[in-house]
Amino acid sequence: MRRGLQTLDFSFEADSLTHFGGLFLIQRFCNKLCLRRRLERILRGAPRWVDYHPSDLVLVFLYVLIAGLPRVSKTEILQYNGLFRSLVGLNKFPDETALRRFLHRLSPRAIRQVARLHDQMRGQLFNLPNQRTSLVFHLDSVVLTLYGKQQGARLGYNPKKRGRPSYHPLLCFEAHGQEFWHGSLRAGDAAPNTGARDFVARCLEKAPSQVARSRIRLLADAGFFSGKLVRELDQAGCGYIIVCRKPKLYLPLAHKAGFKEMSFGWAVAEFYFKPRRWEREHRFVMVRRPLPEDPEQAQQLTLLNVGRYAYSCFVSNLELEPWRIWKTYQARANVERSIRELLNYFSLNKIPTQQWVANVAFMQLLLFAYNLVHWFKRLCLPHQYVASTVETIRNEFLMLPAKLTKHGSRNVLQLPKDYQYRQIFLEAARRIEKLRLPEPDKGQKFGFVSRHK
């Protein structure tokens, strides 16, 4: 019978071990983006410490979030992670207190500068690896339940933890690139449509100039149902599908127009109607679907339930058949996946401080880290990884046991001998080295650093 190790001694001398060996790829990708130098340029006026420059701490937060550590308090494990310190370029990893203090000391101006740099980099990478001529925005809100005395924590709509204070941010993702586009942190008692028009306006302002407004679509939930917003989208020439609030009010109109039967008991109806205080008639589409036989499953539907059917209603200006309006809107399920990734794999629901401005800073850094992973996936990995989740990228490429050693004058990262994604890992490293960023548009040189200077 085979027996395992019978005797074993311990040594605590190694100082270059890590289980985040693949984070080397992210660090090289960030270097290719000149991220550190850009941060140094835009954060010159930010408060600094003796041991750390503000750009160092921003990078620390980005790497920590990409690595998947759930809370700031869990970064203690990185104190003795030699490779992680080397990747960031620090002799000593900042402790939890230093990280929280950094968030507290970041001014609103510095936060806006980081968000602006994020936008500029997204614009630079927008047409890589292929030219894009259209945008599809998926808009939604999310409830972040809070367990403390955070500023802005209010009692509001909270379906999972009723009676608990929360934040209620708005988020926008772009469907083709699977990247975050714009976000706004709001107090928990904010109404679903609070700030919706300004939010959409900011999303459109960030659209690249080469994308015509007629090539932009917005898919939004009932929180964005507003006559003023619909009018502004019509004037801008953008396409939209927005869920109607209080669909019960539109059910008689749908019955009057008549439902067109489809397969599996589904049916659709379309009609034109001018809601109160709207300037003109708009096209509405109502979808009727049979309720599931399982009563528990039927109860989980958030649609209007009447008799044996569930109903949902949309307003749209797209020239599509009624059933295609519904089908197109179903693609918005991708935003649910993106929000789940932010909640489960980027700790969006783990608010680290009690101060509002510090939490805004944390959210902006978190969304920046989210996009870095998706840019890396899109530009450096094979095409089959385009739709992969963040969890897949971490498990297959980032969370690798490794050791940093020296071979002569060269640094060598030792990785597992039988690593099954070895060829993809090496190809990703080659793609990073070959990556060439386009020059930013005229007047968009904010924070820009050329690799050739």
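Computed from a predicted model, the values in this text were never measured in an experiment.

Caption draft 1: Focus on the overall build of the chain. Helix and strand counts for the chain come out as 15 helices and 15 strands. When the 453 residues of the chain are sorted by exposure, 51% land in the buried category. When contacts within the chain are restricted to residue pairs at least 6 apart in sequence, long-range pairs at least 24 apart make up 66% of them. Accessible surface, the chain: about 24000 Å² in total, of which carbon and sulfur atoms supply 49%.

Caption draft 2: Representation of the packing of aromatic side chains. Taken as a whole and assessed by the stated rule, the structure comprises 24 aromatic pairs. Judged by centre distance (6.0 Å) and plane angle (70°), the rings of Tyr419 and Tyr421 are edge-to-face. Here the aromatic cluster, defined as three or more aromatic residues joined through ring pairs, consists of Phe225, Tyr250, Phe271, Phe273, Trp278 and Phe284. Cation over ring: Arg288 sits above Tyr309, and NZ or CZ is 4.5 Å from the ring centre.

Caption draft 3: Local environment of the pairing of strand β2 (residues 135-141). Summarising burial for β2: six of the seven residues are buried, a large majority. Across five bridges, the pairing between β2 and strand β7 (residues 216-220) is parallel. Along β7, the bridge assignment pairs Leu135 with Ile216. As judged from the five bridges shared by β2 and strand β5 (residues 170-174), these two strands associate in the antiparallel manner. Pairing of His138 across the sheet is with Phe173, part of β5.

Caption draft 4: Quick look at the nonpolar core. Counting 89 residues, the largest nonpolar core has Leu35 and Phe84 as the members making the most contacts within it. Among the elements that make up this core, the one with the highest residue count is helix α13 (residues 356-380) (16 residues). With residues near it in sequence (within four places) discarded, Phe84 still touches Phe20, Leu23, Tyr63, Val64, Ala67, Leu78 and Phe93. Val230, Leu251, Ala254 and Val315 belong to the second largest nonpolar core, which has 40 residues in total.

Caption draft 5: Looking closely at the pairing of β7. The element β7 is largely enclosed, with a buried count of four among its five residues. With helix α8 (residues 227-236) bridging β7 and the parallel strand β8 (residues 239-243), this β-α-β connection has right-handed handedness.

Caption draft 6: Structural context of the pattern of salt bridges. Counted according to the given criterion, the structure contains 17 salt bridges. In this structure, Asp56 engages Arg36 in a salt bridge whose closest nitrogen and oxygen atoms are separated by 2.4 Å. Here Asp56, found in helix α3 (residues 54-67), pairs with Arg36, found in helix α2 (residues 35-42); they are 20 residues apart in sequence, far enough to count as distant. The exposure class of Arg36 is partly exposed, given its relative accessible area of 25%. Glu205 is paired through a salt bridge with Arg202; the nearest N and O atoms lie 2.7 Å apart. Of this pair, Glu205 and Arg202 both sit in helix α7 (residues 196-205), three residues apart, roughly one helical turn. Since its relative accessible area comes to 56%, Glu205 is described here as exposed.

Caption draft 7: Summary view of unusual backbone geometry. Omega for the peptide link from Leu128 to Pro129 comes to 0°, which places this bond in the cis form. Structurally, the position occupied by Pro129 is in the loop between α6 (108-125) and β2. In this structure, Cys34 takes a positive phi of about 55° despite not being glycine. Within the secondary structure layout, Cys34 lies in the loop between α1 (23-32) and α2. Unlike most non-glycine residues, Lys246 shows phi in positive territory, near 50°. Looking at the element boundaries, Lys246 is found in the loop between β8 and α9 (251-257).

Caption draft 8: Here's a closer look at the confidence of the model for the chain. With 89% of its residues at a pLDDT of 70 or more, the chain shows a mean pLDDT of 86. Every residue in residues 294-302 is under pLDDT 50, and counting partners more than four places away or in other chains gives eight contacts.

Caption draft 9: The arrangement of the side chain of Asn371 in detail. Along the chain, the position of Asn371 falls in helix α13. Setting aside chain neighbours within four positions, we find Asn371 in contact with His118, Arg122, Glu179 and Phe180.

Caption draft 10: Quick look at the packing of α13 against helix α15 (residues 422-434). One can describe the packing of α13 onto α15 by two numbers: an axis separation of 9 Å at closest approach and a directional angle of 95°. Taken together, the axes of α13 and α15 lie roughly perpendicular to each other. Within the contact between the two elements, α13 uses Phe376, Leu379 and Cys380 and α15 uses Ala428, Arg431 and Ile432. Per-class residue counts for the contact of α13 with α15 are five nonpolar, no polar and one charged.

Caption draft 11: Focus on the environment of Arg394. On the secondary structure map, Arg394 appears in helix α14 (residues 390-398). The buried category is assigned to Arg394, whose relative accessible area is 6%. The spatial distance from the C-alpha of Arg394 to the C-alpha of Ala67 is 7.2 Å, given a sequence separation of 327 residues. Excluding residues that lie within four positions of it along the chain, Arg394 makes contacts with Leu65, Ile66, Ala67, Gly68, Tyr345, Phe346 and Met399. Reaching out from Arg394, the side chain makes a polar contact with the backbone oxygen of Leu65 at a distance of 2.8 Å.

Caption draft 12: Looking closely at α8. For α8, the complete set of buried residues consists of Gly227, Leu229, Val230 and Leu233. Axial view of α8: buried residues confined to an arc of 160°, hence all on one face. Buried-residue contacts for α8 involve α7, β7, β8 and β11 (282-290). Among the residues of α8, the N-terminal cap falls to Ser226, whose side-chain oxygen and the backbone nitrogen of Lys228 are separated by 3.3 Å. At the C-terminal side of α8, Gly237 shows a positive phi close to 85°.

Quick notes on the rules
Residues numbered from 1 in each chain as written. Predicted model: local features only at pLDDT ≥ 70, side-chain atom pairs only at ≥ 80, totals over all residues. Heavy atoms only, no water. Helix = DSSP H or I, 4+ residues; strand = E, 2+ residues; numbered from the N terminus. Buried < 20%, exposed > 50% of the residue type's maximum accessible area, 1.4 Å probe, protein only. Contact = heavy atoms within 4.5 Å. Areas by Shrake-Rupley, 256 points an atom, 1.4 Å probe, with all protein chains shown as cover. Phe/Tyr/Trp six-rings, centres within 6.5 Å; stacked < 30°, edge-to-face > 60°. Lys NZ or Arg CZ within 6 Å of the ring centre and 35° of its normal. Pairing = 2+ DSSP bridges. Core = buried A, V, L, I, M, F, W, Y, C linked by side-chain atoms within 4.5 Å. Right-handed = clockwise from strand over helix to strand, strands pointing away. Salt bridge = Lys/Arg side-chain N within 4 Å of Asp/Glu carboxyl O. pLDDT = per-residue confidence, 0-100. Axes fitted to C-alpha atoms, helices over the stretch in contact; angles between N-to-C directions. Parallel < 35°, antiparallel > 145°, perpendicular 65-115°, else oblique. Nonpolar A, V, L, I, M, F, W, Y, C, P; charged D, E, K, R; others polar. Polar contact = N/O pair within 3.5 Å; in protein donor to acceptor, adjacent residues only side chain to side chain. Arc of directions from axis to C-beta.

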